[in-house]
Amino acid sequence: MVISSWLHTNLILSTYCSLSAKVFFPVRHIPSPITAAFSQVVFNSKSQASPLRCSYLAMTSQSGQENGSACGGKQLVVDPFCFRQFSEAETCKSYTGTVFDISIQEFEEIVNSRYDPANLKPGYAPFCKHLFLVNDFTNARLNVLPITKENEHCLRTKYEARTEKELPVLTRFFDRDLLVKLAGGVITEKEVFPVAKYLDLILYSREQIKKENAAMGKDPSGHEKEAAPWGIVSIKAQDVNYELPMTPMTAMRNALGKDEGGSGVPLNRDAYMAAYDYWKDHATVV
């Protein structure tokens, strides 16, 4: 009963939140029954930045990167590289992938409200993570289809660079208009490209983003002050809640190094062949 009263006293909660991780009675050392009750109070709180939640996350986190900005800051922000996926950005006009009508600000608010570090999935390198969210807040449609005898004539290729400083590489894609014509007007475009069930948020650590920006000679002003530990560098609309292989060409670009717009991660033959096995039978829709 004493513990219960203590947990629900706002004054003590505020004081407790201000204590350091070396506090006399740290959360991680509370016996398990009390820890369970304590965490229940913490995560039932309606405020994502409540004093009690802040203290709990700071003390129990295994990594400051996972929970370091839970108090008053965002965990996730849309990186400028990903602005092209939002209709409010001028760069969306030349982007051939999924473009969202929702604003960047609203998107960040929603994904941060659903962020849980326990749900982060490993990516192709230690600095990369995936966060899969149910897509019930955008109208993003599937943009990857299997290649069949019926639609292979709708495939097109072109050389493409994602930014002005990247080397153009050869890409293969379905022409959206040709696919719609192929349907012969029997079904609508919305039926050809249904709304995706999930969004795959591809995250890069703040440290990696800084390294790549520096290698590409990008102006650091404004970005160096960004404190969010994770930057959203790409968003994929898909029907499964697990990672689809990156395209072989993306793996090649990454291996070229940061100076050419890649991440600098060396080519992994097994991962490359897994990507080949998937993408030889699939293509994105542009």
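Residues numbered from 1 in each chain as written. Predicted model: local features only at pLDDT ≥ 70, side-chain atom pairs only at ≥ 80, totals over all residues. Heavy atoms only, no water.

Engineer: Could you clarify how one ought to interpret the overall build of the protein in this entry?
Structural biologist: Each helix and strand in the protein was counted, giving 11 helices and nine strands. Burial statistics for the protein: of 286 residues in total, 40% are counted as buried. Taking as baseline every contact in the protein between residues at least 6 positions apart, the subset at least 24 positions apart corresponds to 68%. (Helix = DSSP H or I, 4+ residues; strand = E, 2+ residues; numbered from the N terminus. Buried < 20%, exposed > 50% of the residue type's maximum accessible area, 1.4 Å probe, protein only. Contact = heavy atoms within 4.5 Å.)

Engineer: Any chance you could explain the pairing of strand β9 (residues 282-285) here in plain terms?
Structural biologist: Each regular strand carries side chains that alternate between the two faces of the sheet. In this structure, strand β4 (residues 144-146) lies alongside β9, joined through three bridges in antiparallel fashion. Within the sheet, the bridge partner assigned to Leu 145 lies in β9 and is Ala 283. Direction of pairing for strand β6 (residues 169-174) relative to β9: parallel, over a ladder of two bridges. Opposite Phe 174, over in β9, you have Val 285 as the bridge partner. (Pairing = 2+ DSSP bridges.)

Engineer: Before we go on, may I ask you to explain the packing of aromatic side chains in this structure?
Structural biologist: Aromatic rings considered in pairs are described by the distance between their centres and by the relative angle of their planes. Throughout the structure, instances matching the rule amount to eight aromatic pairs. Arranged with centres 5.8 Å apart and planes meeting at 85 degrees, the rings of Tyr 124 and Phe 127 form a pair that is edge-to-face. You can call Tyr 124 partly exposed: its relative accessible area is 27%. Looking at Phe 127, the relative accessible area reads 14%, which means it is buried. Joined through ring pairs, the aromatic side chains of Phe 86, Phe 100, Phe 107 and Phe 137 make up one cluster. A cation sits over an aromatic face here: Arg 84 above Phe 81, 4.5 Å from the ring centre. (Phe/Tyr/Trp six-rings, centres within 6.5 Å; stacked < 30°, edge-to-face > 60°. Lys NZ or Arg CZ within 6 Å of the ring centre and 35° of its normal.)

Engineer: It is not clear to me how the pattern of salt bridges should be interpreted in this structure. Could you clarify?
Structural biologist: Pairs may arise between side chains of opposite charge once their charged atoms sit close together. Per the counting criterion, the structure on display carries seven salt bridges. Here Lys 93 and Glu 90 are joined by a salt bridge, their closest N and O atoms 3.0 Å apart. We classify Lys 93 as exposed; its relative accessible area is 66%. Its relative accessible area of 57% is what places Glu 90 among the exposed residues. (Salt bridge = Lys/Arg side-chain N within 4 Å of Asp/Glu carboxyl O.)

Engineer: Sorry, what's going on with the packing of helix α10 (residues 248-256) against helix α11 (residues 269-279) here?
Structural biologist: Two packed helices can be described by the angle between their axes and the distance between those axes. Two elements in contact, α10 and α11, have axes whose closest approach is 8 Å; the angle formed by their N-to-C orientations is 150 degrees. Of the possible angle classes, the one that applies to α10 and α11 is roughly antiparallel. Residues Pro 248, Ala 251 and Met 252 of α10 touch α11, and the partners they reach there are Tyr 272, Ala 275, Tyr 276 and Trp 279. Looking at the contact of α10 with α11, its residues break down into seven nonpolar, no polar and no charged. (Axes fitted to C-alpha atoms, helices over the stretch in contact; angles between N-to-C directions. Parallel < 35°, antiparallel > 145°, perpendicular 65-115°, else oblique. Nonpolar A, V, L, I, M, F, W, Y, C, P; charged D, E, K, R; others polar.)

Engineer: Which parts of the structure should I look at to understand the confidence of the model for the protein?
Structural biologist: A low pLDDT means the predicted coordinates there should not be read in detail. The predicted model of the protein has a mean per-residue pLDDT of 79, with 71% of residues at 70 or higher. A low-confidence stretch, residues 1-71 stays under pLDDT 50, and its non-local contacts, those more than four residues away or across chains, total 76 contacts. (pLDDT = per-residue confidence, 0-100.)

Engineer: Would you explain the side chain of Arg 253 in this entry?
Structural biologist: If you trace the backbone, Arg 253 turns up in helix α10. We classify Arg 253 as buried; its relative accessible area is 5%. A distance of 3.0 Å separates the side chain of Arg 253 from the side chain of Glu 166, its partner in a polar contact. In this structure, Arg 253 is in contact with Glu 160, Arg 162, Glu 166, Leu 167, Val 169, Glu 260, Gly 261 and Gly 262, ignoring residues within four places of it in sequence. (Polar contact = N/O pair within 3.5 Å; in protein donor to acceptor, adjacent residues only side chain to side chain.)

Engineer: Explain the sheet that holds β6 to me, please; I cannot follow it from the model alone.
Structural biologist: Hydrogen bonding along the main chain pairs the strands of a sheet, whether they run parallel or antiparallel. Reading across the sheet, the four strands line up as β4-β9-β6-β5 and stay open at both edges, with mixed pairing between neighbours. Looking at which strands have only one partner, the edges of the open sheet turn out to be β4 and β5 (155-160). Pairwise comparison of adjacent strand axes, ignoring direction, gives a mean angle of 50 degrees for this sheet. For β5 and β6, the ladder comprises six bridges, and the chain directions are antiparallel. Counterpart to Lys 158 in the pairing with β6 is Thr 171.

Engineer: Could you clarify how one ought to interpret the environment of Gly 123 in this entry?
Structural biologist: Position of Gly 123 among the secondary structure elements: in the loop between β2 (121-122) and β3 (128-134). The exposure class assigned to Gly 123 is partly exposed, which follows from its relative accessible area of 24%. Between the C-alpha atoms of Gly 123 and Ile 202, which are 79 residues apart in sequence, the distance is 8.1 Å. What Gly 123 contacts, discounting residues up to four positions off in sequence, is Cys 128, Lys 129 and His 130.

Engineer: Looking at this structure, how should I read the side chain of Glu 166?
Structural biologist: Its location among the elements puts Glu 166 in the loop between β5 and β6. Classification of Glu 166 as buried rests on a relative accessible area of 6%. Polar side-chain contacts of Glu 166 include one of 2.9 Å to the side chain of Arg 162.

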